[in-house]
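Coordinates in review
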Amino acid sequence: MVTIEDLPEIVLVEILSWVPRKELILNCRLVCSCWRDLVDLPFLWKRKCQRMGFYPETSSDTFQDWRTLCFLKCIRNLVKNPCGEEGLYFWYLDWNRWTASLEIMPTERIQLERLYNYKCCIPMPRPPQDIQRCFIFTCQKSCSSEYAYKGQHICLREKGYSDRLMDEFRPIIRVKAWHFPTCPSFPCRLVVRLMSDDFEILQECCKENDMFNCWRELLHTFDDYPPGVRIIMVEHEGYTWNYLKITGTSIILDPEETVPREPQAPTPLNLPKKPSFFSCISSPLQFLKRQKNTS
């Protein structure tokens, strides 16, 4: 009797490369010594990195490198230059008054007066400490308010995510960004659109920041989008009479984080065709005809 252990090692490695990375460590590696050795192979983690769309430029075939890459580096930010470390590169802008600056506000505290003249201090939200730069749109002093706009297109094929992954598995897409508006009358917005090859909008979200003079993180998760997503467009929009700060834009797609999907309900296009009257009687007629010819 042939078992899975009789398969060649290269075939077993190929099969295990389809298993989620956490399951490989927590379950598959504990099955037996043979599977433990297979899970520890650098080639297995290299195949998983390739399946998840991550191809490091320089890396050696050591066990620590590939497994670390699979757990940490494959879940990467698809937005280029999210905080302005490279100036204004990779972003399309509507005005030339955008700049990349070091004006990330330090941690501040706000005083809240409670009953009986009791005061407490709470920290104001701010971007993480590793974010040291931001984009700033400066409004002209002669204008009451101006429209600020910048965006970026992300081609999923260029990032290594296959059409089959986006159509059949449809992994979760997480979006976030930090905004600092200064105009209370016009909230700034984070707009993200999932589009097809011909730029047809398949699903979109619009998150508004109605606070002003403080940082706020805008978050959204796409977990039930239709198949056919090939391009992600992220845009920042808003009006301001002083300045607008934006930083920390990120779009993260984990190829192994998916939502269980129920089978699609039958539609008139995929329902089995009912047999017609002639198709029902064709077989008996042919049988009688053959019997008559033989007799």
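**What about the packing of helix α1 (residues 9-16) against helix α4 (residues 42-51)?**
At their nearest, the axes of α1 and α4 sit 9 Å apart, and the two run at 40° to each other. One element, α1, and the other, α4, form an angle in the oblique class. Our pair here, α1 against α4, has a crossing hand that is right-handed. When α1 is examined against α4, the residues I10, V13, E14 and L16 are found in contact with a partner set consisting of F43, L44, R47 and R51. Per-class residue counts for the contact of α1 with α4 are five nonpolar, no polar and three charged.

**A few points about the packing of aromatic side chains**
For the coordinates displayed, the defined rule picks out six aromatic pairs. Arranged with centres 5.7 Å apart and planes meeting at 65°, the rings of W91 and F135 form a pair that is edge-to-face. With W91 in the loop between α5 (63-73) and β1 (92-93) and F135 in strand β5 (residues 134-138), the pair connects residues that are 44 residues apart, well separated along the chain. The class for W91 is buried, based on a relative accessible area of 8%. On the basis of an interplanar angle of 20° and a centroid distance of 6.1 Å, the ring pair of Y147 and Y149 is categorised as stacked. Accessibility expressed as a relative area gives 18% for Y149, which makes it buried. Of the aromatic side chains, those joined through ring pairs into one cluster are Y92, Y147 and Y149. Cation over ring: K150 sits above F135, and NZ or CZ is 4.0 Å from the ring centre.

Basis of the calculations
Residue numbers restart at each chain and count upward from 1, following the sequence in its written direction. Local features in a predicted model are, by the rule used here, given only for residues with pLDDT of at least 70; side-chain atom pairs are given and counted only at 80 or more, and totals for whole chains, interfaces and linings are based on all residues. Water and hydrogen atoms play no part in the side-chain values, which are based on all heavy atoms of the structure. Helix axes are fitted to C-alpha atoms over the stretch in contact, other axes to C-alpha atoms as well, and angles between N-to-C directions run from 0 to 180 degrees. Secondary structure elements follow DSSP: runs of H or I no shorter than four residues count as helices, runs of E no shorter than two count as strands, and numbering proceeds from the N terminus. The scheme is simple: roughly parallel for angles under 35 degrees, roughly antiparallel for over 145, roughly perpendicular for 65 to 115, oblique for anything else. By convention, the crossing between two helices is left-handed when the near helix turns anticlockwise from the far helix through less than a right angle, and right-handed when the turn is clockwise. Contacts: residue pairs with any heavy atoms within 4.5 Å of one another. When residues are grouped by polarity, Ala, Val, Leu, Ile, Met, Phe, Trp, Tyr, Cys and Pro land in nonpolar, Asp, Glu, Lys and Arg in charged, and all others, Gly among them, in polar. Whether two aromatic rings pair depends on their centres lying within 6.5 Å, for rings of Phe, Tyr and Trp, where Trp uses its six-membered ring; planes under 30 degrees apart make the pair stacked, over 60 edge-to-face, and the rest tilted. Buried residues are those whose accessible area, probed at 1.4 Å on protein chains only, stays under 20% of the maximum for their type, while exposed residues exceed 50% and partly exposed ones sit between those limits. Charge-over-ring contacts are defined here by two conditions on Lys NZ or Arg CZ: a distance within 6 Å of the ring centre and an angle within 35 degrees of the ring normal.

None of this, on its own, says anything about what the molecule does.
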